[in-house]
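Close look at the chain arrangement
Chain by chain, the residues:
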Amino acid sequence: MNNFFTFLFSRTDKQLFIFLLIILFFSLNLIGQAVGFDSSFFFKQLLFIFTGLIIFMLVSILNLRFLFRYSLIIYILSILLLLLTAFFGTEINGSKRWLDFGIFKLQSSEILKLTLPIFLVSLIDYFKNRSQTLTELVFLSISFIPFFIILNQPDLGSGLIILFSGLIIIFLNGLSLKKILIGILGFLILLPYAWINILKDYQKGRILNLIDPFSNPLDGGYHAIQSSIAIGSGGLFGKSSEFSSQHDLLFLPETHTDFIFAVLSENYGFLGNIIFFLIFFLFVYRLIIISVNLHSHSHRLLAMTYVMIFILCFLINIAMVTGLFPIVGIPLPLISYGGSSLFIYLIMFALINSLNYNKTLIAD
Amino acid sequence: MLNSRFILVRRFNILLAILSLFLLLIAIRLFWLQIYKNDFYLERSKSNSERIEPIKSLRGLIFDRNDNILAENILTYNLEVDIENKSTEDLNNIIGELSTILSISEHERDLFFKMRSERKFLREIPLKININNEELTFFVSKKFLFPDVTIKEDFLRSYPHGIENAHLIGFINRISKKDLEKIENDPEMLDAYFGMTHIGKQGIENSFENDLRGKSGFKKIRVNAKNSFIAEIENKKALDGQDLILSIDLDLQRKSHELLKNYKGSLIMTDISNSEVLAYQSNPSFDPNLFVNGISFAEWDKLNLDPDKPMLDRVTNAVYPPGSTIKPFLSIAGLENNIINEDYSISDPGFYKLPKTKKIFMDWKKEGHGNVNIVKAIAESCDVYFYDLAYRLGIEKMSDGLRKFSFGQKTGINLPSEKKGILPSLEWKLKHHKKKWNAYETINTSIGQGDFLSSPAQLVHGLNILLNNKPMPPLSLIKDKFSDVSLGVKKITDEKYIEIVKRGMQEVTSSNGTFRSIANNNNNKIAGKTGTAQVFSLKNQAYDENNIADHLKDHSLFIGYAPYDNPQVSIAVIIENGGHGSTVAAPIAKKMLDFYFETTK
């Protein structure tokens with residue numbers, strides 16, 4: 001047994017693992033503060049973290065050649081999972097995002113964060129000698145398929161993240177400036193169309209609420225206002241106990257999931273946020289160092305894409321909680337309560353860890 | 001391949017740079033929220049969870065002098081709806097749902113929405129006042145269906161003898177927009193009225209509002225987002241209103257109401273010694289209980305459009321020509337100025353010719369009163385005697401003399417909108433008509449006609465001053481307010497003049513007087529003065545009581561007191577369009593005084 005752990009740890013980047021543990025400890029602490037250390041959420045999250053860490057270990061020893069080889073099947077299975085959700089998913093608050101497995105609800109769109117980049121990156125070698133434009137168009141198409149399915153759940157936030165992961169790969173893979181400009185232009189042209197035909201009223205409302213949350217303080221603006229109050233009242237060192245906290249009195253709902261950053265800000269203040277950012281920065285820095293130093297182009301690309309998704313989701317969540325961004329249901333990576341998201345990120349980091357360990361074996 | 005790595009890392013760095021900018025933006029935002037605007041958000045977070053709930057003060061009770069209750073508070077259960085953050089549509093839905101289990105009238109609905117639009121700071125608004133036990137139990141069983149509807153204990157103002165005391169006690173009503181403006185301009189008032197729904201609108205309820213209301217308190221509590229109680233932060237108790245014990249006697253109120261029942265008019269009876277009002281009655285009357293929670297339009301129209309004006313307080317808010325009731329007061333002025341004396345007499349042919357003119361003034365008695373001295377002039381109400389007196393006295397001395405008896409001034413009774421009437425004088429004429437005084441107007445004034453107007457309250461107050469021969473405190477509605485008024489006040493005039501006039505008023509009820517009908521039935525020694533006031537001057541036409549429209553008939557007046565050898569109570573009665581003073585007003589006064597002595601002895 002001892003040998004098994006030694007085996008596992010020898011394959012793990014120590015720095016990365018320590019920062020990861022600190023972050024997960026943060027998560028537990030914040031969830032405990034948000035909903036109580038004796039609540040079922042806290043114990044479930046504890047269980048998720050343990051399970052997640054075991055998954056992390058197991059994935060770390062995975063042979064990635066196998067992953068790349070079956071990437072098409074993995075992609076098709078992921079899409080099937082999305083379709084399955086569309087037909088048999090559990091509807092919560094008007095959107096079908098979850099597949100109910102009894103003990104565990106899986107948010108199927110999360111899987112795509114993981115599998116879409118694997119599939120795209122595995123295609124890089126295949127398209128090595130084809131025209132760049134063709135590659136990019138194929139990649140774009142492959143990315144749009146899950147995007148549209150997720151958009152119809154509806155879950156604009158997750159859909160955009162999936163689409164973005166595809167776009168990041170295309171960009172990192174050397175998309176020319178000309179095409180970037182064409183892309184931006186096309187986006188601007190399509191924007192009014194999307195506003196009218198694709199966005200639902202509540203989504204438009206959320207975007208409008210961003211501009212003036214007080215115009216509609218009860219409906220869409222409520223979260224934005226209460227969240228700003230929670231964060232703002234935290235001050236430099238966090239709110240002292242003489243003041244009642246926003247989340248204790250239930251003014252700010254969903255504190256253990258999407259709005260957990262508000263709990264951090266309220267309880268630990270600006271200084272707490274800085275420390276939190278610092279830990280995340282060190283963690284991300286380690287990820288970047290590992291990613292950049294991988295030996296194969298496709299591995300680097302995959303690792304960098306995962307890092308990008310991670311940072312992007314992290315920033316979008318905080319921007320959303322601080323009222324800089326419309327409220328899209330994107331949880332704070334590694335911190336928010338929930339199994340699906342946690343497992344996906346831990347698998348991502350495990351894959352990066354594995355690529356790192358195996359980099360000497362594989363080189364371009 | 002090195003090239004592809006170079007491109008990749010550069011691209012990666014570009015993305016990192018963009019995201020760093022994003023991070024910088026977030027950091028600035030956090031600094032803005034947590035450092036720069038920290039105070040603002042701390043305050044918001046406090047107010048988020050703090051709620052101030054009013055504690056209403058209990059309105060003071062009103063009793064008569066014998067501890068009979070005239071205004072009380074009845075415990076009721078009201079249905080109140082939490083209106084916070086609800087649109088009109090939401091509220092209509094709630095009310096619609098409610099009306100499937102309880103009856104909610106259109107009127108109740110209107111009042112609810114009216115209050116909602118007017119009272120910005122109220123969170124819960126009563127929808128149905130005073131629900132009965134059956135409705136209460138039924139609602140409680142269905143309460144779970146109505147999270148925003150609560151049953152609140154409240155006190156409903158009630159006037160058990162409403163109609164008998166309507167003008168005196170007045171009523172409270174829901175605070176109107178206009179009241180609210182007044183309240184909101186005064187921070188102290190705003191505190192006192194916090195959470196209050198009613199305000200005194202008329203009568204004593206209005207004029208003693210500050211004493212009766214008290215001061216509301218508040219409870220500051222901490223609640224969570226679901227509005228559940230978490231903790232109490234501060235509790236300031238309400239200061240309940242003071243009870244009032246009136247000088248009024250409920251039995252007299254009932255009697256006077258009964259006596260006036262078939263007339264339009266009013267009656268006021270006072271304790272001569274201390275200006276306390278014992279009876280205060282105006283008819284037609286109304287039920288003040290209708291107003292307490294907002295009168296319906298139909299009821300309001302009925303009262304407001306009634307030509308008999310039931311809402312009008314005819315004791316202090318209406319003024320009439322005092323007619324011959326003015327003569328005793330005028331006599332004092334004549335005696336003081338040596339125009340007449342006890343022995344001075346004239347011969348009355350039934351008319352008076354104004355010197356230096358051809359104007360003839362008739363006496364009410366065509367054949368005249370013959371030889372008339374002051375006592376006989378008062379007893380028989382000889383017009384010619386007073387025409388002559390007035391002419392020789394002149395308007396200035398006349399109005400100066402009458403002013404001492406409070407004519408043309410408010411009596412100071414603590415009731416809203418008392419009218420001061422008109423005491424004609426040179427100055428008054430110049431000011432209001434921009435004209436010089438005519439001699440014939442002096443003649444008209446001498447019999448309480450012309451521009452002369454006074455209220456029944458003024459007449460009784462004047463009579464009290466005369467009988468006490470000293471300035472009297474304002475008519476008082478509160479028991480024992482002026483118990484030591486008799487001490488050390490300068491006399492108004494020589495006591496002997498008062499005695500002469502009193503003798504005249506005593507003669508009024510003798511077999512020669514205008515109220516001789518009670519000459520043989522005057523056990524309570526009533527003295528007084530009748531009056532008949534012209535409403536309309538008939539030109540070249542004989543006044544025929546049987547042949548004239550009701551509203552043009554003379555007003556019938558009587559002022560009086562008893563017993564004449566030791567005056568205790570005074571009274572003034574006016575019956576609009578009642579005809580002669582001696583035939584309507586005086587008998588009512590007599591019955592009233594008899595009742596007083598019968599019940600208090």
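Residues numbered from 1 in each chain as written. Chains lettered and ligands numbered in written order. Predicted model: local features only at pLDDT ≥ 70, side-chain atom pairs only at ≥ 80, totals over all residues.

When helices and strands are counted, chain A shows 14 helices and three strands. Here the contacts in chain A between residues at least 6 apart in sequence split such that 70% fall between residues at least 24 apart. (Helix = DSSP H or I, 4+ residues; strand = E, 2+ residues; numbered from the N terminus. Contact = placed C-beta atoms within 7 Å.)

We now examine the packing of helix H5 (residues 71-88) of chain A against helix H6 (residues 108-126) of chain A. Residues and elements named next belong to chain A. For the pair H5 and H6, interaxial distance at closest approach is 9 Å and the crossing angle is 155°. Between H5 and H6, the crossing angle belongs to the class labelled roughly antiparallel. Viewed along their axes, H5 and H6 form a crossing whose handedness is left-handed. Across the interface between the two elements, Ser 71, Leu 72, Ile 74, Tyr 75, Ser 78, Leu 81, Leu 82 and Thr 85 from H5 touch Ser 108, Ser 109, Ile 111, Leu 112, Thr 115, Leu 116, Ile 118, Phe 119 and Ser 122 from H6. In the contact of H5 with H6, the residues fall into ten nonpolar, seven polar and no charged. (Axes fitted to C-alpha atoms, helices over the stretch in contact; angles between N-to-C directions. Parallel < 35°, antiparallel > 145°, perpendicular 65-115°, else oblique. Left-handed = near helix turned anticlockwise from the far one by under 90°. Nonpolar A, V, L, I, M, F, W, Y, C, P; charged D, E, K, R; others polar.)

Residues and elements named next belong to chain B. With respect to topology, five strands assemble into an open sheet ordered S14-S13-S21-S20-S19, the strand pairing being antiparallel. Of all the strands in the sheet, just strand S14 (277-283) and strand S19 (527-533) have a single pairing partner and so form its edges. Pairs of neighbouring strands in the sheet enclose a mean axial angle of 5°, with direction left out of account. Where strand S13 (residues 265-271) and strand S21 (residues 569-575) come together, seven bridges link them in antiparallel fashion. Its bridge partner being in S21, Leu 267 is matched across the sheet by Val 573. (Pairing = 2+ DSSP bridges.)

Next up on the list: the nonpolar core. Core analysis: the biggest nonpolar cluster contains 112 residues, and Ile 268, Ile 571, Val 573, Ala 585 and Met 592 of chain B have the highest contact counts within it. If we skip the residues at most four places from it in the chain, Val 573 of chain B touches Gly 265, Leu 267, Leu 557, Phe 558, Ala 585, Ile 588 and Ala 589 of chain B. Grouped together as the second largest cluster of nonpolar side chains are 97 residues, Met 57, Ile 225 and Tyr 345 of chain A together with Leu 30 of chain B included. (Core = buried A, V, L, I, M, F, W, Y, C linked by C-beta atoms within 7 Å. Buried ≥ 20, exposed ≤ 12 C-beta atoms within 10 Å, placed from the backbone.)

Taken residue by residue, the interface counts 37 residues in chain A and 36 residues in chain B. A breakdown of the residues in the side of chain A that touches chain B according to their chemical character gives 22 nonpolar, 13 polar and two charged.

What follows deals with the packing of helix H12 (residues 260-292) of chain A against helix H13 (residues 297-321) of chain A. Residues and elements named next belong to chain A. One way to put it is that H12 packs onto H13 with a least axis distance of 11 Å and a crossing angle of 170°. Considering their axes alone, H12 and H13 lie roughly antiparallel with respect to each other. Taken together, the residues of H13 that come into contact with H12 (itself represented by Phe 261, Ala 262, Phe 280, Val 284, Leu 287, Ile 288, Ile 290, Ser 291 and Val 292) are Arg 300, Ala 303, Met 304, Val 307, Ile 311, Phe 314, Asn 317, Ile 318 and Val 321. Its residues placed into classes, the contact of H12 with H13 shows 15 nonpolar, two polar and one charged.

All names here are of chain B. The element S13 is extensively covered by neighbouring structure, given that six of its seven residues are classed as buried. Examined bridge by bridge, S13 and S14 share six bridges and lie antiparallel to one another. Within the sheet, the bridge partner assigned to Ile 268 lies in S14 and is Tyr 280. Taking the residues between adjacent antiparallel strands as the criterion, S13 and S14 are bridged by five residues, where Ser 275 takes a positive phi near 70°.

All right, on to H13 of chain A then. Residue and element names in this part refer to chain A. The end-to-end C-alpha separation of H13 is 36 Å, in line with the 36 Å expected for 25 residues at 1.5 Å each. With 24 of 25 residues buried, H13 is to be regarded as a mostly interior element. Count one or two residues on from H13 and you reach Gly 323, which has phi positive near 85°. (Expected span 1.5 Å × (residues − 1).)

Excluding glycine, residues mostly carry a negative phi; peptide bonds, for their part, are mostly trans. Residue and element names in this part refer to chain B. A cis amide bond links Asn 283 to the next residue, Pro 284, at an omega of 0°. Structurally, Pro 284 can be placed in the loop between S14 and helix H12 (297-304). A cis geometry characterises the amide bond from Ala 562 onward to Pro 563, with omega recorded as -15°. Within the fold, Pro 563 resides in the loop between strand S20 (555-562) and S21. Of note, the phi angle at Asn 130 is positive, near 55°, even though the residue is not glycine.

Another point: the sheet that holds strand S2 (residues 95-100) of chain A. Strand-to-strand pairing in sheets goes through backbone hydrogen bonds, with the strands running parallel or antiparallel. Residue and element names in this part refer to chain A. Taken in spatial order, the three strands of this open sheet run S1-S2-S3, and their pairing is antiparallel. With one partner strand each, in any of the chains shown, strand S1 (90-92) and strand S3 (105-107) form the two edges of the open sheet. With direction set aside, neighbouring strand axes in the sheet form an average angle of 50°. Inspection of the sheet shows S1 paired to S2 by three bridges, in the antiparallel sense. By the bridge assignment for S2, Glu 91 is matched with Lys 96.

The next point concerns the confidence of the model for chain B. With 95% of its residues at a pLDDT of 70 or more, chain B has an overall mean of 88. In the predicted complex, the global pTM is 0.68; the interface-specific ipTM is 0.90. (pLDDT = per-residue confidence, 0-100.)

Turning our attention to the environment of Ile 204 of chain B. All names here are of chain B. Within the secondary structure layout, Ile 204 lies in helix H9 (residues 203-207). A count of 28 C-beta atoms within 10 Å places Ile 204 in the buried class. For the pair formed by Ile 204 and Leu 415, sequence separation is 211 residues and the distance between their alpha carbons is 6.1 Å. In this view, Ile 204 contacts Ile 62, Leu 168, Ile 169, Gly 170, Leu 244, Leu 415 and Leu 477; residues no more than four positions away in its chain are not counted.

Turning to helix H7 (residues 132-151) of chain A, a few remarks are in order. All names here are of chain A. Spanning 20 residues, H7 covers 28 Å between terminal C-alpha atoms, matching the ideal 28 Å at 1.5 Å per step. Burial in H7 covers these residues: Thr 135, Glu 136, Phe 139, Ser 143, Pro 146, Phe 147, Ile 149 and Ile 150. Packed against the buried residues of H7 are H5, H6 and helix H8 (156-172).

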